[in-house]
Amino acid sequence: MRFFLKVWAILVKDMAAELHTREMISAMLVFSILALLIFSFALDLRGATARAAAPGVLWATVAFAGTLGLSRSLAREQQAGCMDGLLLAPVDRSAIFFGKALGNAILMGLVEVVLLPLFSALFGVPLLRPGVLLVTALGTLGYAAVGTLLAAIAVNTRAREVMLPIMLLPLAIPALIASVRATGVLVEGGALGYAMGWVRLLVVYDLVIVAVALLTFGYVLEE
Amino acid sequence: MIQARDLFKSFGPRVALAGVNISVETGEFVTLVGPNGAGKTTLLRILATLTRPTSGAVQIAGLDPARAGSEARRRIGFLSHQTLLYDDLSAEQNLRFYARMYDLDAAAARVDDLLERVGLAARREDLVRTLSRGMHQRLALARSVLHRPQVLLLDEPYTGLDPQAAQALTDLLVELVGEGGTILLTTHNLERGLALGRRVVMLARGRVVCDKPRDSIDPATFGEAYQALATK
């Protein structure tokens, strides 16, 4: 019970800090909308083109916007040695991981709450379906989980803004491909059953990443 | 209460601690002095479980941090150059957060009491980044004693403190010792170090070079020895 209370406390702390500054969410939102506009001009997203390109455009936008937020999330803990404050406390290191990863996933989710309806409205692509929302949730959780783990590694390097995307994007490929493919099937009108292979891949990826993070996060954080 | 045996710590080729042996009894107030680069901060960070020694053994409050890290951390308070405070949270939010991390009962009352004692009750809802440096350090002090630690490790805690804050710190330290707390404090300020601690340990180039009760120290001779080490 204490474990979950601490996860919750870390999550609430991050959300409270973000509420005061709004710096992460605003950067992620502005980036996402700009990316959407650029893609729409570059790819002429109409009709069949829009349905074919939508999954890739959506997940590219989510991935890059997410990376912005991930980097900032761990950098916030480096200010004034706050990560030392967490490490000094009798807190299981995995609670720190879960608290930070959930916070990152929520921020990405908030961006998607704006992005999905906007995309659907602008380009006539049916993204607001239960199947698409499920895939979006699973893909976001996986990306946030692997991103939180790697951001914790990158934050201690000098070139952390560059290191994170270099490490994250290759490792996130399974989740991104699965998300794109599953979204593609659903956007073309296919039932969720036809996308189950990709959905299962997403679930397995998420579980593997969480397991790896649980085993390694403590070592990543400590000197 | 604090035992460090044959502590070695190296960062690559650089040796920060070269066989440090130090013990601090329950209720003792020990001042650790030494020139820059002597290894004071490294030693404190090892004792605070923030970094692992390359070799050697540590015991805090009877516990081996390598085996009982969580329980050991519950008994340690740490105050350093960095405040460990979130700039984007208010003073009160910071303390309440750490109270949850330490599973404190009656957290609200404890937070209220500490904010009063460090003179920040009127600024409790202000974001930390709007507070002055002295206020930061006072709030950091409150954070470090929030969970009533048995052992308090302080790394140059008087740096940047205004006189009011310095007095608040001294008062809190005296109170903590009166309650049986154990304190290890590092400082560059020899005069203050000799005034505060009952025992003084001098560290130089990663080794303990002097460990004496304060009453047996001649300040002039001690000061000369310190200057000689600092300029080597």
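Of regular secondary structure, chain B possesses eight helices and nine strands. Its C-alpha atoms give chain B a radius of gyration of 18 Å, near enough to 17 Å, the size a compact globule of 232 residues would have. Taking the principal axes of its C-alpha atoms as reference, chain B extends roughly 50 × 40 × 35 Å. Evaluated residue by residue, chain B yields a buried proportion of 47% over its 232 residues. In chain B, of all internal contacts separated by at least 6 residues, the share reaching a separation of at least 24 is 69%.

Attention shifts here to the environment of Val-209 of chain B. All names here are of chain B. Mapped onto the secondary structure, Val-209 falls in strand β9 (residues 207-213). In the structure, Val-209 is positioned 133 residues away from Ile-76 in sequence and 26 Å away in space, judged by C-alpha atoms. Contact partners of Val-209, with chain neighbours within four places excluded, come to Met-202 and Ala-204.

Backbone-to-backbone hydrogen bonds join strands into a sheet, with any given pair of strands oriented parallel or antiparallel. Residues and elements named next belong to chain B. On the basis of which strands lie adjacent, the open sheet formed by three strands has the order β2-β1-β4 and antiparallel pairing. In the strand order of this sheet, the two ends are held by β2 (14-24) and β4 (55-60), each with one partner. The sheet shows a mean angle of 20° between the axes of neighbouring strands, direction not considered. Note: strand β1 (residues 2-11) against β4, five bridges, orientation antiparallel. Note that in β4 the partner of Ala-4 across the bridge is Val-58. Each of β1, β2 and β4 is contacted by helix α1 (residues 40-47), which is oriented at about 120° to β1, the strand it contacts most.

Accessible area lost upon the coming together of the parts serves often as the stated size of an interface. Contact with chain B, which involves 26 residues of that partner, is made by 21 residues of chain A. Among the secondary structure elements, those contributing two or more residues to the side of chain B that touches chain A are α2 (69-74), β5 (76-79) and α3 (91-101) of chain B. For the side of chain B that touches chain A, the leading source of residues is α3 of chain B, giving five residues. Along the lines of polarity and charge, the residues of the side of chain B that touches chain A split into 13 nonpolar, six polar and seven charged.

A word on the sheet that holds strand β6 (residues 151-155) of chain B. Residues and elements named next belong to chain B. Pairing is mixed across the open sheet formed by six strands, whose spatial order is β5-β6-β7-β3-β8-β9. Each edge of the sheet is formed by a strand with only one pairing partner; in this case those strands are β5 and β9. Taking each pair of neighbouring strands and ignoring which way they run, the sheet shows an average axis angle of 15°. In the sheet, β5 pairs with β6 via four bridges, with the strands oriented parallel. The residue of β6 that forms the bridge with Leu-79 is Leu-154. Running at roughly 150° to β6, α1 makes contact with β3 (29-33), β6, β7 (182-187) and β8 (199-204) of the sheet.

Next up on the list: helix α5 (residues 93-123) of chain A. Residues and elements named next belong to chain A. An ideal rise of 1.5 Å per residue puts 45 Å on 31 residues; α5 measures up with 44 Å between its terminal C-alpha atoms. The largest bend in α5 comes to about 25°, at Glu-112. Backbone geometry just downstream of α5 places Gly-124 in the positive-phi region, at approximately 65°.

In a pair of packed helices, the angle between the axes and the distance between the axes together describe the arrangement. Residue and element names in this part refer to chain A. Where helix α3 (residues 47-78) meets helix α7 (residues 160-187), the axes come as close as 9 Å, and the angle between the chain directions of the two elements is 150°. When the axis of α3 is compared with that of α7, the two are roughly antiparallel. The two elements α3 and α7 meet at a crossing, and its hand is right-handed. Two secondary-structure elements touch here, α3 through Arg-51, Ala-54, Pro-55, Gly-56, Leu-58, Trp-59, Ala-63, Thr-67, Leu-70 and Ser-71 and α7 through Arg-160, Glu-161, Leu-164, Pro-165, Leu-168, Ala-172, Leu-176, Ser-179, Val-180, Thr-183, Gly-184 and Val-187.

What follows is about helix α4 (residues 107-117) of chain B. Residues and elements named next belong to chain B. Buried residues of α4: Arg-110, Val-111, Leu-114 and Leu-115, and no others. Each buried residue of α4 sits inside an arc of 130° when the element is viewed along its axis, so together they form one side. Across from the buried face of α4, at angles greater than 90 degrees, the exposed residues are Ala-108 and Ala-109. The elements touched by buried residues of α4 are α3 and α5 (133-145).

What follows concerns the pairing of β8 of chain B. All names here are of chain B. Most of β8 sits out of view: five of its six residues are buried. Of the pairings in the sheet, the one linking β3 to β8 comprises four bridges and is parallel in character. Residue pairing in the sheet places Val-33 in a bridge with Met-202 of β8. The pairing of β8 with β9 spans six bridges and is classified as antiparallel. Bridge pairing in β9 links Ala-204 to Arg-207. Hairpin connection of β8 to β9: two residues between the antiparallel strands, including Arg-205 at a positive phi of 45°.

Conventions we followed
Residues numbered from 1 in each chain as written. Chains lettered and ligands numbered in written order. Predicted model: local features only at pLDDT ≥ 70, side-chain atom pairs only at ≥ 80, totals over all residues. Helix = DSSP H or I, 4+ residues; strand = E, 2+ residues; numbered from the N terminus. Rg over C-alpha atoms; globule rule 2.2 N^0.38 Å. Buried ≥ 20, exposed ≤ 12 C-beta atoms within 10 Å, placed from the backbone. Contact = placed C-beta atoms within 7 Å. Pairing = 2+ DSSP bridges. Axes fitted to C-alpha atoms, helices over the stretch in contact; angles between N-to-C directions. Nonpolar A, V, L, I, M, F, W, Y, C, P; charged D, E, K, R; others polar. Expected span 1.5 Å × (residues − 1). Bend = angle between axes of the 7 residues up to and from the residue. Parallel < 35°, antiparallel > 145°, perpendicular 65-115°, else oblique. Left-handed = near helix turned anticlockwise from the far one by under 90°. Arc of directions from axis to C-beta.

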